[in-house]
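This is what each chain is made of:
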Amino acid sequence: MATLLCPRATCLRSLASITRVTPAPIAKSPFSTNVWKQLQSSTRPTIVCRSPPSRTSLAIRNASSAPSTAASTGPPADVLTWDRFFAVRRRKRYINLAVSIVTAGATVVVVGPILAQQDIDTWGAQISGIDPMFVLGISTIAVAAGGWLCGPSLGSAMFGVWAARRGWAKAIQGKEKSFYRRIQKYRADPSSSSPQNPIPDYYGEKVASVKDYRRWLKDQRAFKLKKNKNL
């Protein structure tokens with residue numbers, strides 16, 4: 001009987017020893033608000049708000065990028081476009097005007113003393129019966145007018161030399177012919193004009209750019225419509 005109870009006693013002892021053993025305390029990780037804030041800052045996505053660019057900054061940016069774009073997309077410098085043709089035509093007009101002023105003054109300076117030595121005022125007064133001062137003034141004006149008329153010929157010659165050196169002589173002649181053909185084709189009929197309703201710029205002398213040419217076409221069209229309305 002004792003032998004049968006021994007194993008049971010030993011089992012109960014072992015169970016008692018097991019129940020007496022207290023589990024070791026589990027170390028808990030300390031809770032810190034700083035660590036939690038760091039975790040939140042590391043996991044939360046960052047959102048950056050930027051204000052839209054102002055109009056002045058966009059204008060400055062476009063102005064800085066415009067010259068490079070125009071240089072890359074514009075026509076070559078040796079090509080005579082219509083805008084360049086009108087600019088060259090306007091330059092030719094200025095050259096002729098400046099040369100006319102110079103030739104008129106030079107003619108008066110050179111020819112005036114010669115006329116004074118020949119007593120032109122006295123001869124004119126004797127022939128016409130006008131005061132010699134008026135005769136001298138008229139002769140001076142006539143000499144200046146002759147020099148003025150010689151100016152466009154000399155200015156055109158100088159301009160032709162410049163155009164030949166630039167390589168635009170033939171191109172300018174072709175543009176001139178094409179431009180005057182367009183003027184003759186699209187201008188209004190002069191027979192329908194009157195002092196109260198004249199044709200606007202019949203010869204196209206005021207056309208100095210492509211924009212002016214388009215305005216000239218609109219003026220001619222408006223004149224034709226006005227003529228048909230009056231009829």
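Residues numbered from 1 in each chain as written. Predicted model: local features only at pLDDT ≥ 70, side-chain atom pairs only at ≥ 80, totals over all residues. Heavy atoms only, no water.

Trainee: Help me out: how do you make sense of the confidence of the model for the chain in this one?
Mentor: Parts of the model with low pLDDT should not have their predicted coordinates read in detail. Summarising the model, the chain shows a mean pLDDT of 74, and 64% of its residues fall at 70 or more. Summarising per-element confidence for the chain, the mean pLDDT is lowest in helix H1 (residues 2–20) (48) and highest in helix H7 (residues 169–186) (91). Low pLDDT (under 50) marks residues 26–33, which in the prediction has zero contacts with non-local residues, meaning those over four places away or in another chain. In this model, residues 66–72 is a region of pLDDT below 50 whose contacts with residues beyond four sequence positions or in other chains number zero contacts. (pLDDT = per-residue confidence, 0-100. Helix = DSSP H or I, 4+ residues; strand = E, 2+ residues; numbered from the N terminus. Contact = heavy atoms within 4.5 Å.)

Trainee: Whenever I open this one, unusual backbone geometry confuses me. Can you help?
Mentor: With the exception of glycine, the majority of residues adopt a negative phi angle, and the majority of peptide bonds are in the trans configuration. Phi at aspartate 201 takes a positive value of approximately 55°, unusual for a residue other than glycine. By secondary structure assignment, the location of aspartate 201 is in the loop between H7 and helix H8 (210–230). For aspartate 201, a relative accessible area of 19% translates into the label buried. (Buried < 20%, exposed > 50% of the residue type's maximum accessible area, 1.4 Å probe, protein only.)

Trainee: Help me out: how do you make sense of helix H6 (residues 132–166) in this one?
Mentor: Relative to the 51 Å expected for 35 residues at 1.5 Å per residue, H6 spans 51 Å between its end C-alpha atoms, a close match to the ideal helical length. When H6 is considered as a whole, its buried residues turn out to be Val135, Ser139, Val143, Gly147, Gly151, Gly155, Phe159 and Ala163. Glycine 167 sits one or two residues past H6 and shows a positive phi near 85°. (Expected span 1.5 Å × (residues − 1).)

Trainee: Help me out: how do you make sense of the pattern of salt bridges in this one?
Mentor: Under the criterion given, the structure shown has one salt bridge. For arginine 215, the salt bridge is made with aspartate 212, and the minimal N-O distance between the two is 2.8 Å. Taken together, the positions of arginine 215 and aspartate 212, both in helix H8 and three residues apart, correspond to about one turn of that helix. Arginine 215 sits in the partly exposed class, given a relative accessible area of 40%. Look at aspartate 212 and you get partly exposed, because its relative accessible area is 21%. (Salt bridge = Lys/Arg side-chain N within 4 Å of Asp/Glu carboxyl O.)

Trainee: I would appreciate a short explanation of the environment of arginine 91 in the present structure.
Mentor: For arginine 91, the position within the fold is in helix H4 (residues 82–117). Separated by 68 residues in the primary sequence, arginine 91 and phenylalanine 159 place their C-alpha atoms 8.9 Å from one another.

Trainee: Honestly, the nonpolar core in this entry has me stumped. Any pointers?
Mentor: Note on soluble globular proteins: their nonpolar side chains tend to be buried together. Among the nonpolar cores identified, the biggest contains 13 residues, and Phe85, Ile172, Phe179 and Val207 are the most heavily contacted of them. Listed by contribution, the elements that provide at least two residues to this core are H4, H6, H7 and H8. Ignoring sequence-local partners within four residues, the contact set of phenylalanine 85 consists of Leu80, Ile172, Lys175, Glu176 and Phe179. (Core = buried A, V, L, I, M, F, W, Y, C linked by side-chain atoms within 4.5 Å.)

Trainee: Just to check I follow, could you spell out the side chain of asparagine 96 for this structure?
Mentor: Residue position: asparagine 96 is located in helix H4. Leaving out residues up to four positions away in the same chain, asparagine 96 has contacts with Gly151, Pro152, Gly155 and Ser156.

Trainee: Just checking my understanding: could you explain the packing of H4 against H6 for this structure?
Mentor: The packing of two helices is summarised by the inter-axis angle and the distance between the axes. Between H4 and H6, the shortest axis-to-axis distance is 5 Å and the interhelical angle comes to 140°. When the axes of H4 and H6 are compared, the pair comes out oblique. Seen along the crossing, H4 lies across H6 with a hand that is right-handed. Along the lines of polarity and charge, the residues of the contact of H4 with H6 split into 17 nonpolar, ten polar and two charged. (Axes fitted to C-alpha atoms, helices over the stretch in contact; angles between N-to-C directions. Parallel < 35°, antiparallel > 145°, perpendicular 65-115°, else oblique. Left-handed = near helix turned anticlockwise from the far one by under 90°. Nonpolar A, V, L, I, M, F, W, Y, C, P; charged D, E, K, R; others polar.)

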